[in-house]
Amino acid sequence: MRVVRNEYFPAAAVLAFVVLFWTAGLFGGLSLLSRSQPPLATLTWLLFVYAVAVLSPMAGLLAAVDLVRRWWRKRRRGALRAEARTRFRSRSRAPKG
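Cut-offs applied
- Residues numbered from 1 in each chain as written.
- Predicted model: local features only at pLDDT ≥ 70, side-chain atom pairs only at ≥ 80, totals over all residues.
- Heavy atoms only, no water.
- Salt bridge = Lys/Arg side-chain N within 4 Å of Asp/Glu carboxyl O.
- Helix = DSSP H or I, 4+ residues; strand = E, 2+ residues; numbered from the N terminus.
- Patch = residues over 30% accessible without salt bridge, like charges linked within 9 Å, V, L, I, M, F, W, Y side chains within 5 Å.
- Areas by Shrake-Rupley, 256 points an atom, 1.4 Å probe, with all protein chains shown as cover.
- Axes fitted to C-alpha atoms, helices over the stretch in contact; angles between N-to-C directions.
- Parallel < 35°, antiparallel > 145°, perpendicular 65-115°, else oblique.
- Left-handed = near helix turned anticlockwise from the far one by under 90°.
- Contact = heavy atoms within 4.5 Å.
- Nonpolar A, V, L, I, M, F, W, Y, C, P; charged D, E, K, R; others polar.
- Phe/Tyr/Trp six-rings, centres within 6.5 Å; stacked < 30°, edge-to-face > 60°.
- Buried < 20%, exposed > 50% of the residue type's maximum accessible area, 1.4 Å probe, protein only.

1. Side note on the pattern of salt bridges
Inference 1: For the structure on display, the rule yields three salt bridges.
Inference 2: Between Arg70 and Asp66 there is a salt bridge whose closest N-O contact spans 3.0 Å. Separated by four residues within a single helix, Arg70 and Asp66 lie in helix 3 (residues 39-93), roughly one turn from each other.
Inference 3: Residue Arg87 is joined to Glu83 by a salt bridge in which the shortest nitrogen-to-oxygen separation is 2.9 Å. Here Arg87 and its partner Glu83 are both found in helix 3, four residues apart, which amounts to about one turn of the helix.

Right under this line is the structure:
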């Protein structure tokens, strides 16, 4: 359950789906079209694949940008905390008077 609560999970899941989709496509994921299917099933499959092929690069890019943004923000927050701790320690050691 901890993984689902992770702030990186949604973007990582989208990015994983995009990578899996394109990997399956590279290894023959469109084999449905090589078999004889009813025209409506073929049309539905083509529209689904077309929609995913058009939207998945955009979703993958947005997910990657989100992951980098979250990572950068977390790293920056850690640096700011370390700087604040250093400032606090130096202030508490300073002579009073």
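2. Things to note about a nonpolar patch on the surface
Inference 1: On the surface, a cluster of nonpolar side chains totalling about 550 Å² of accessible area is made up of Tyr50, Val54, Leu55, Met58 and Leu62.
Inference 2: You can see Val54 is positioned in helix 3.

3. Observations regarding the packing of helix 2 (residues 9-26) against helix 3
The geometry of a pair of packed helices is captured by two quantities: the angle between their axes and the separation between those axes.
Inference 1: Closest axis-to-axis distance for the helix 2/helix 3 pair is 8 Å, and the angle between their directions is 140°. Judged by the angle between their axes, helix 2 and helix 3 are oblique. Pair helix 2 / helix 3 crosses with left-handed handedness. Contact with helix 2, carried on its side by Ala11, Ala12, Val14, Leu15, Phe17, Val18, Phe21 and Trp22, involves Val49, Val52, Ala53, Ser56, Pro57, Ala59, Gly60, Ala63, Asp66 and Leu67 of helix 3 and no other residues of that element.
Inference 2: Grouping the amino acids of the contact of helix 2 with helix 3 by side-chain chemistry returns 15 nonpolar, two polar and one charged.

4. Notes on the packing of aromatic side chains
Inference 1: As enumerated under the stated definition, the model contains three aromatic pairs in all.
Inference 2: On the numbers, 5.4 Å between centres and 85° between planes, the contact of Phe21 with Trp22 is edge-to-face.
Inference 3: Residue class for Trp22 comes out partly exposed when judged on its relative accessible area of 41%.
Inference 4: Between Trp45 and Phe48 the ring centres are 5.8 Å apart and the planes differ by 35°, which places this aromatic pair in the tilted class. Residue Trp45 and its partner Phe48 are located together in helix 3, separated by three residues, close to a single helical turn.
Inference 5: Judged by relative accessible area, which is 25%, Trp45 ranks as partly exposed.
Inference 6: Given the relative accessible area of 44%, Phe48 is considered partly exposed.

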